[in-house]
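# Observations on chain architecture
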Amino acid sequence: EEVPAAGIPAASRKMASLSSPLRAIIRLRQRFRGQKKGRLHLQLPREKPAEIVHTRLLQRQLSLSRAAMYSPSMSFFNQASFESSQYFTFDTSVEQYAMKKSRRKKSRRKSRMVLYPDKTKRYLPAEEKSKAKRCLLLLMAIIFFQILNAIENLDDNVQKYDLDGLEKTMHREVFGQKAAVESIVELLKDYLATHIHNKPLVISLNGPTGVGKSHVGWLLAKHFRSVMDNDFVLQYFVMHHCPSGVAPLTCEIDLSKKISDMVTRAEIEEKTPLFILDEVEYMSPVLLDTLSRFFEPNQTNEFLNAIYILISNIGGGEITRFVIQNESTEHLHQHRGAEELLSIIQPVLSDVHPLWKSADIIPFVLLEKTHVISCFLEQMRREGLYPDQKHIEHLANQLSYYTTGDKQYSRMGCKQIGSKVTLQ
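Throughout what follows, the structure given in this document is the object of discussion. Here the structure is a predicted model, which is why all the values come from computation and not from measurement.

## With respect to the pattern of salt bridges
With the rule as written, the count across this model stands at 11 salt bridges. For K189, the salt bridge goes to E167, with nearest N and O atoms at 3.9 Å. With a gap of 22 residues between them, K189 in helix α7 (residues 178-192) and E167 in helix α6 (residues 163-173) connect regions that are remote in the sequence. The class for K189 is partly exposed, based on a relative accessible area of 28%. Assessed through its relative accessible area of 22%, E167 is described here as partly exposed.

Pasting the structure below:
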């Protein structure tokens with residue numbers, strides 16, 4: 001039953017008009033706080049639609065207008081609280097804070113997944129350096145030092161044999177054979193640069209008699225005995241070590257033993273033995289077969305590190321004809337002339353024995369009259385005689401020559417000079 005309004009006291013009516021808006025405000029405030037706590041707990045940003053926000057603002061204004069109708073004094077209080085409160089009017093600031101916080105956490109989670117972030121990130125990953133680059137630099141350094149060491153060893157090995165001094169001596173004492181001397185020294189330098197080879201060095205000195213082949217062999221033996229030891233140089237003269245009355249098999253055994261013993265001792269001391277075999281044209285086929293076995297490349301290391309100098313007159317006639325036909329030994333200094341002369345000599349040597357196929361052939365050409373005069377001067381200097389120019393020319397005129405144009409080539413070279421000087 002409804003109580004008539006006239007029956008309710010005025011004070012009660014006034015309290016009811018004040019308490020109902022307050023209770024509504026308190027309920028709204030409690031509800032908002034609960035929603036706020038729930039949102040902060042979940043930490044999830046929630047964006048309200050513009051229509052909902054606008055509807056709530058209209059509802060709030062309507063409730064305030066109703067409260068003003070009941071009590072004018074409360075209108076000011078509610079208006080002040082409405083203006084100062086951020087929860088009922090502009091509550092989006094809290095949501096923006098939550099959104100910013102969640103965004104920061106998302107950005108942090110993303111930054112951990114980025115391999116190469118920019119410098120604005122808080123934590124930068126450590127730069128990983130490639131180990132392959134370091135290994136490559138180390139390998140290049142090792143190769144560089146190995147090459148440098150090899151070059152130094154090459155120079156040291158060549159200097160040990162003093163081949164420059166040998167070349168000067170041969171140019172000073174061997175006349176008319178400049179191209180031959182240069183070829184011999186070049187072959188020795190290339191071979192003696194290292195102690196590891198795939199085949200022995202075989203040099204064949206061929207030419208007519210008296211042109212300086214045996215003298216070159218003597219100079220080589222003298223030089224290598226001075227820089228190494230007498231035990232590693234062998235001068236083998238066929239007419240002396242294997243005379244005609246001795247059986248070829250005996251000479252073969254003796255020569256094989258000498259070569260084997262020398263290369264074995266030289267390998268222990270890391271030296272290169274030198275074998276000078278003179279008068280090879282008088283060797284029997286048995287000795288030539290023995291030498292050819294030592295020249296083969298498929299041998300043990302000690303037999304590969306050896307130098308053989310073969311001296312013979314084989315091919316001397318062909319060289320004489322070639323020089324006379326060309327009228328000048330200057331043609332031999334040209335590359336084409338040297339190849340042409342070798343093409344003439346090689347078939348002749350191969351017909352004698354196949355061992356010359358593995359040899360470097362160096363031809364010795366005829367000596368001119370001026371070279372013979374130089375031989376007289378050198379011989380007289382050695383014997384301590386006064387070198388009278390007129391007397392030397394008189395001795396030189398007593399020899400026989402090939403005359404072609406304006407040049408004279410000695411038939412016997414410097415072979416008879418020693419006896420001529422001694423008799424005079």
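So, next bit.
## With respect to the nonpolar core
Within the largest apolar cluster, 46 residues are counted, with the highest numbers of intra-cluster contacts made by M170, L188, L205, L220, F224, I309 and F376. A per-element tally of this core places α7 first, with seven residues. Each of two domains, domain 1 (162-326 + 341-365) and domain 2 (370-423), supplies a minimum of three residues to this core. Apart from residues lying up to four places away in sequence, F224 is in contact with Y161, L163, L166, L188, L192, D229, V233 and L274. Judged by nonpolar contacts, the second largest core, of 37 residues, contains M283, L288, I319 and I361.

## Observations regarding a nonpolar patch on the surface
A surface patch of nonpolar side chains, about 590 Å² in accessible area, is lined by L136, L137, L139, M140, I143 and I147. Residue placement: L136 occurs in helix α5 (residues 131-161). On the basis of relative accessibility, which here comes to 48%, the residue L136 falls in the partly exposed class.

## Some remarks on the sheet that holds strand β2 (residues 233-237)
Overall, parallel pairing links the five strands, which are arranged β2-β3-β4-β1-β5 in an open sheet. Each end of this open sheet is capped by a strand with a single partner; those strands are β2 and β5 (360-363). Going across the sheet, the axis of each strand differs from the next one's by a mean of 15°, ignoring polarity. Of the strand pairs in this sheet, strand β1 (residues 201-206) and β5 are connected by four bridges, and their pairing is parallel. In the strand pairing of β5, L205 is matched with I362.

## Details of the state of the cysteines
This model, assessed by the stated rule, comprises two disulfides. At a sulfur-sulfur separation of 2.0 Å, the disulfide partner of C242 is C251. As the torsion about the S-S bond is roughly 95°, the C242-C251 disulfide counts as right-handed. The same class applies to C242 and to C251, which are both buried. Two residues, C375 and C414, share a disulfide whose sulfurs are 2.1 Å apart. Since a negative S-S torsion denotes a left-handed disulfide, the C375-C414 link at about 75° is right-handed. Residue C375 is found in helix α15 (residues 369-383), and its partner C414 is found in the loop between β7 (407-410) and α17 (417-423); the two are separated by 39 residues along the sequence. Each member of the pair, C375 together with C414, is buried.

## So, the packing of aromatic side chains
Taken as a whole and judged by the stated rule, the model has four aromatic pairs. Both rings, one in Y161 and one in F224, keep their centres 5.9 Å apart while their planes meet at 45°; by these two values the pair is tilted. Of this pair, Y161 sits in helix α5 while F224 sits in helix α8 (residues 213-227), and the two are 63 residues apart along the sequence. Of the residues examined, Y161 reaches a relative accessible area of 2% and is grouped as buried. Overall, F224 belongs to the buried group, its relative accessible area being 1%. Ring centres 4.9 Å apart and planes at 65° place the aromatic pair F295 and Y308 in the edge-to-face group. Pair noted here: F295 is in the loop between α11 (285-294) and α12 (301-304) and Y308 is in strand β4 (residues 307-312), with a separation of 13 residues, a long-range link. Comparing F295 with Y308, the two get one shared label, buried.

Procedures and definitions
- Residues numbered from 1 in each chain as written.
- Predicted model: local features only at pLDDT ≥ 70, side-chain atom pairs only at ≥ 80, totals over all residues.
- Heavy atoms only, no water.
- Salt bridge = Lys/Arg side-chain N within 4 Å of Asp/Glu carboxyl O.
- Helix = DSSP H or I, 4+ residues; strand = E, 2+ residues; numbered from the N terminus.
- Buried < 20%, exposed > 50% of the residue type's maximum accessible area, 1.4 Å probe, protein only.
- Core = buried A, V, L, I, M, F, W, Y, C linked by side-chain atoms within 4.5 Å.
- Domains from an automatic or database assignment.
- Contact = heavy atoms within 4.5 Å.
- Patch = residues over 30% accessible without salt bridge, like charges linked within 9 Å, V, L, I, M, F, W, Y side chains within 5 Å.
- Areas by Shrake-Rupley, 256 points an atom, 1.4 Å probe, with all protein chains shown as cover.
- Pairing = 2+ DSSP bridges.
- Axes fitted to C-alpha atoms, helices over the stretch in contact; angles between N-to-C directions.
- Disulfide = S-S within 2.5 Å.
- Phe/Tyr/Trp six-rings, centres within 6.5 Å; stacked < 30°, edge-to-face > 60°.

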